[in-house]
Amino acid sequence: MSEMDQKYAELRQIIEAHKDWPGALMPVLQAAQELFGCVPEDVQKIIAEGLGVTLSEVYGVATFYAQFSLRPKGKYIISVCLGTACYVKGSQSVLDKLSEELKCSVGSTTDDGLFTLQATRCLGACGLAPVMTINQDVYGRMTPDQVPGILAKYRE
Amino acid sequence: MENMITLTIDGVSVEVPAGTTVLEAARKAGIHIPTLCYLKDINEIGACRMCVVDTGARALQASCVLPATNGMVVKTNTPKIRQYRKTLLELVLSAHDKKCLSCVRSTNCELQRLCRELGVEDGDAFKGVQNEYAIDDVSPSIVRDNNKCILCRRCVAVCSKVQGIGVIGPVMRGFKTAIESPWGLKLNDMACINCGQCITACPVGALHEKDDTAKVWAALADPDKHVVVQPAPAVRAALGEEFGLPMGTSVTGKMASALKRLGFDKVFDTDFGADLTIMEEANELVERIANGGVLPMITSCSPGWIKFCETYYPDFIPNLSSCKSPHEMTGAMVKTYYAEKMGIDPAKIVVVSVMPCTAKKFEAARPELGHNGLADVDVVITTRELARMIREAGINFNALPDGDFDSLMGESTGAAVIFGATGGVMEAALRTAYETLTKTTLEKVDFHAVRGVQGIKEATVRIGDTDVNVAVCSSTGMAAKLLDSVRSGEKNYAFIEVMACPGGCVNGGGQPIVDADTRAVVDVRVERAKALYGEDLEKPLRKSHENAEIKAIYRDFLDKPGSHLAHELLHTHYEKRPLYKD
């Protein structure tokens, strides 16, 4: 069984386990997001069929919550805080620099699938403003000129 | 004895059963609370906040979802509430295209009316970014224009809750929220059954029928074309509403006159086609019962239902009657029997059907519904589109004298006219099947057990010395329920009538639109059906096989029901359809 087939089999098990719960759609979507890294069309169709809800409902929930992504995300997720403190301290210029370096717009993923660039609300580390995170790593007091060096580390 | 509670609304004391909402209690007290997203029994979600009232609580409450409690004191009309509602409308307008002058729903729009009634002075009170949406007009039946959508979700509720389909829903969130099909697909790429119930639920012009009146005008203006029109049974029960007549007024005679004034070369009647359908369908039922054919047999007049069956319950395709629907049968006869008799080249004939239905537009375009490369029906317009044409032509509808349909395919019986109400096809078929099977006269032609607007009706009819179990249902949501019970073996019927729209064709997606305020107090299905059952009673003949023109068409052309020629021209086949397009 290929890795993908295994994931589909696992998804079907998850659906089976949640099927009779009221409000099963949320936990199943969360599990699918975890499993596949996103909830693409075929996964949503399997969920709709399995839970006996319409694709409209699945898609509606998947697009409502920011935690779900319709397309695969990059290996590294770069989040730049645009909260008040970070913004005032110039996080927009950091974000712009990242976008320029990665040749990718905010909210999308680089062609090589390595990075997803996104803007976030306050991360709660205002003392370090402007803040950016790459997966679990936190970078404080960011300036645009630090960007190429940091990205290089992840490209290795 | 129901548990009654008493509350005071704007100083009026009112007693209602526990569980009643404040909105309903106010209605009982004669107090009108404006609503926008509310559609009785279908969409009661408190989303738009138009119906807010003051109960002394910290915030204003949406009365459509607020249960009345004993001793509650409610105010519905304070300066604060009026300002709140007005601001709310201004905010709705800030994201609306406001192109009222060219909107199909102008003067029949709930948003427009509320703005007028609640005194909105400035449509541009809030200026900001406006979403721009492409119009989805790929479907042969339904056009969606999200630039006019106010996100009330009435269409979503009727599609998913009533029809059990759910091909549209809210996507994204916040300012980006839109009512759409998933993955940005067009309605036509979804398993939409084209019923148009979303259109009649829409308070504004965000959903409307695909307008085909231009095709009709063009045909009428073409001297080379012989244009034949036929209106469906349910049209006569509702067309009058478009001209201010009370709901339930039958306008058969005026409609026939109007069609002649519009310039159609022949005005036939789909009621004739309905009688013809009964001849074929009753014969098919009798044959299936006699020869051990697939039962239950299920009616095939409703194209929304047919597409629903093909898509969602394909295992029931063998159960579908092979009969074409009445207007398709009439169309097929116009291009063969009539063309032959009159010596007209069928290629020069344009058959226009006036239908209470948007799914008929899809049906008419089915490639299998034709003969010798010619479609049985060329253009389908809805009741609303016919009204539009009558207005555009400057015809004073209410002043028209009663006219008649043209002979050859203009005569009909009471059995045909009730096709437009749920249970009507069943009743009509029973009247004929009874006499065919028993070779005796049916004295009591009224089958009351199959009438009425309940979602599912069952009856056992004694025909000769056999009991025949039948069922009637309307709305595809109810059809799903009924078919599930047949599939599981829980229920056993010989014959089932299904209509895709709740209440049958009288409440079809192409009928005049009735606003939510009226729908809260009047059952549209019941009122319009009264017009049809009234006509049935007054008809000298009430059984399809007694129709003289039907007798003539079998004598001169078709031979007998189920004949080779009848099969070639009046019957069809169905195909399994995918839930999603690849």
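Computed from a predicted structure; not experimentally measured.

Draft legend 1. Local environment of the overall build of chain A. Looking only at helices and strands, chain A has seven helices and four strands in total. Counting from the amino terminus, helix and strand elements in chain A follow one another as α-α-α-α-β-α-α-β-β-β-α. The principal-axis extents of the C-alpha atoms in chain A amount to approximately 50 × 35 × 20 Å. Within chain A, the proportion of its 156 residues that are buried is 41%. Sequence-distant contacts in chain A: of pairs separated by 6 or more residues, those separated by 24 or more amount to 60%. For chain A, the accessible area works out to roughly 8,500 Å², and carbon and sulfur atoms hold 51% of it. In chain A, 14 positive and 18 negative side-chain charges are present, and the distance between their average locations comes to 7 Å.

Draft legend 2. Structural context of the interface of chain A and chain B. Every contact between the two is made by 17 residues of chain A and, on the other side, 13 residues of chain B. Counting each side, the surface lost to burial between chain A and chain B is near 1,300 Å², with a carbon and sulfur contribution of 64%. For the pair chain A and chain B, the interface holds three residue pairs in polar contact (both at pLDDT 80 or more). Put simply, the parts of the chain that give the side of chain A that touches chain B at least two residues each are helix 3 (41-51) and helix 4 (55-64) of chain A. Among the elements that take part in the side of chain A that touches chain B, helix 4 of chain A stands out by supplying six residues, more than any other. Residue composition of the side of chain A that touches chain B, grouped by class: nine nonpolar, five polar and three charged.

Draft legend 3. Representation of the environment of A62(A). All names here are of chain A. Its place among the elements puts A62 in helix 4. C-alpha separation for the pair A62 and C38, spaced 24 residues apart in sequence, amounts to 9.8 Å. Setting aside anything within four residues of it in sequence, one finds A62 in contact with L29, V39, Q44, F68 and L70.

Draft legend 4. Fine view of the environment of M333(B). All names here are of chain B. Looking at where M333 falls in the secondary structure, it is placed in helix 10 (residues 326-342). For M333, a relative accessible area of 0% translates into the label buried. Contact partners of M333, with chain neighbours within four places excluded, come to L276, Y338, M409, I553, F557, L558, L569 and L570.

Draft legend 5. The pairing of strand 16 (residues 379-382) of chain B, seen in detail. Residues and elements named next belong to chain B. Judged by which residues are buried, strand 16 turns out to be covered on both faces: V379 and I381 on one side and V380 and T382 on the other are all buried. Of the pairings in the sheet, the one linking strand 13 (residues 349-355) to strand 16 comprises four bridges and is parallel in character. Along strand 16, the bridge assignment pairs S353 with V380.

Draft legend 6. Summary view of the sheet that holds strand 12 (residues 297-298) of chain B. If you walk across this open sheet you meet the four strands as 12-19-18-17 (chain B), and the pairing is mixed. The sheet is open, and its two borders are formed by strand 12 and strand 17 (456-463) of chain B, each paired with just one other strand.

Draft legend 7. Highlighting the domain arrangement of chain A. Its domain assignment divides chain A into domain 1 (3-64) and domain 2 (76-155). On a C-alpha basis, the centroid separation for the pair domain 1 of chain A and domain 2 of chain A is 31 Å.

Draft legend 8. Representation of the packing of helix 8 (residues 270-290) of chain B against helix 10 of chain B in the model. All names here are of chain B. Look at helix 8 against helix 10: their axes get within 7 Å of each other, and the N-to-C directions meet at 100°. With respect to helix 10, the axis of helix 8 lies roughly perpendicular. Here helix 8 contributes T270, G273, A274, L276, T277 and E280 to the contact with helix 10, which in turn contributes P326, H327, M329, T330 and M333. Broken down by class, the residue content of the contact of helix 8 with helix 10 amounts to five nonpolar, five polar and one charged.

Draft legend 9. The arrangement of the pairing of strand 17 of chain B in detail. All names here are of chain B. Here strand 17 shows one buried face, formed by K457, A459, V461 and I463, and one open face, formed by I456, E458, T460 and R462. One ladder, built from eight bridges, connects strand 17 with strand 18 (residues 466-474); its direction is antiparallel. Counted as the bridge partner of E458 is A471 from strand 18. From the end of strand 17 to the start of strand 18, which pair antiparallel, there are two residues, and G464 there has a positive phi angle of about 65°.

Draft legend 10. How the structure looks around the pattern of salt bridges. Residues and elements named next belong to chain B. Counted by the stated rule, this structure contains 49 salt bridges over all chains. The partner of E427 in a salt bridge is R451, with the nearest N and O atoms 2.6 Å apart. You can see E427 sitting in helix 14 (residues 424-438) and its partner R451 sitting in the loop between helix 14 and strand 17, a full 24 residues away along the chain. Residue classification places R451 among the buried positions, given a relative accessible area of 16%. Across the pair K543 and E435 runs a salt bridge, and its minimum N-O distance is 2.7 Å. With K543 in the loop between helix 17 (524-538) and helix 18 (548-558) and E435 in helix 14, this residue pair connects regions lying 108 residues apart in the sequence. The network of salt bridges with common partners includes E427, R431, D446, R451, D536 and R542.

Draft legend 11. Highlighting the environment of S474(B). Residues and elements named next belong to chain B. The residue S474 is located in strand 18 in this model. Residue classification places S474 among the buried positions, given a relative accessible area of 3%. Taking the C-alpha atoms as reference, S474 lies 8.1 Å from Q454; in sequence the two are 20 residues apart. For S474, the residues in contact, after removing those within four places along its chain, are T422, G455, M499, C501, P502, G503 and G504. A polar side-chain atom of S474 sits 2.9 Å from the main-chain amide nitrogen of G503.

Rules behind the numbers
For every chain, the first residue of the written sequence is number 1, and numbering continues from 1 along that sequence. Throughout, the order in which chains and ligands are written sets their labels, letters from A for the former and numbers from 1 for the latter. Since the coordinates come from a predicted model, pLDDT governs what is reported: local features require at least 70, and pairs of side-chain atoms require 80 or more to be given and counted, while whole-chain, interface and lining totals use all residues. Only heavy atoms go into the side-chain values, all of them from the structure, while hydrogens and water stay out. Helix and strand assignments come from DSSP, with helices taken as H or I runs of at least 4 residues and strands as E runs of at least 2, each series counted from the N terminus. When a residue's accessible area, from a 1.4 Å probe over protein chains only, is under 20% of the maximum for its type it is buried; when over 50% it is exposed; and in between it is partly exposed. Pairs of residues are marked as contacts when any of their non-hydrogen atoms sit within 4.5 Å. For the area figures, the Shrake-Rupley method with a 1.4 Å probe applies, and any residue is considered shielded solely by the protein chains shown. Only four residue types enter the tally: Lys and Arg on the positive side, Asp and Glu on the negative side, with His and both chain ends excluded. Every charge is mapped onto a representative atom, which is NZ of Lys, CZ of Arg, CG of Asp or CD of Glu. Accessible surface is computed with a 1.4 Å probe, and the buried area is the amount of it that two parts give up when combined, taken over both parts together. Any pair of nitrogen or oxygen atoms within 3.5 Å is treated as a polar contact; in protein, a donor-acceptor pairing is required on top of that, and neighbouring residues in sequence qualify only through side-chain atoms on both sides. Gly counts as polar in this scheme, as do all residues outside two lists: the nonpolar Ala, Val, Leu, Ile, Met, Phe, Trp, Tyr, Cys and Pro, and the charged Asp, Glu, Lys and Arg. Between any two strands, pairing holds if DSSP finds at least two bridges. Residue ranges for the domains originate in an automatic or database domain assignment. Axes, fitted as lines to C-alpha atoms, cover a helix only where it is in contact. Angles between the N-to-C directions of the axes lie from 0 to 180 degrees. An angle below 35 degrees is read as roughly parallel, one above 145 as roughly antiparallel, one from 65 to 115 as roughly perpendicular, and any other as oblique. When a carboxyl oxygen of Asp or Glu lies within 4 Å of a side-chain nitrogen of Lys or Arg, that pair is called a salt bridge.

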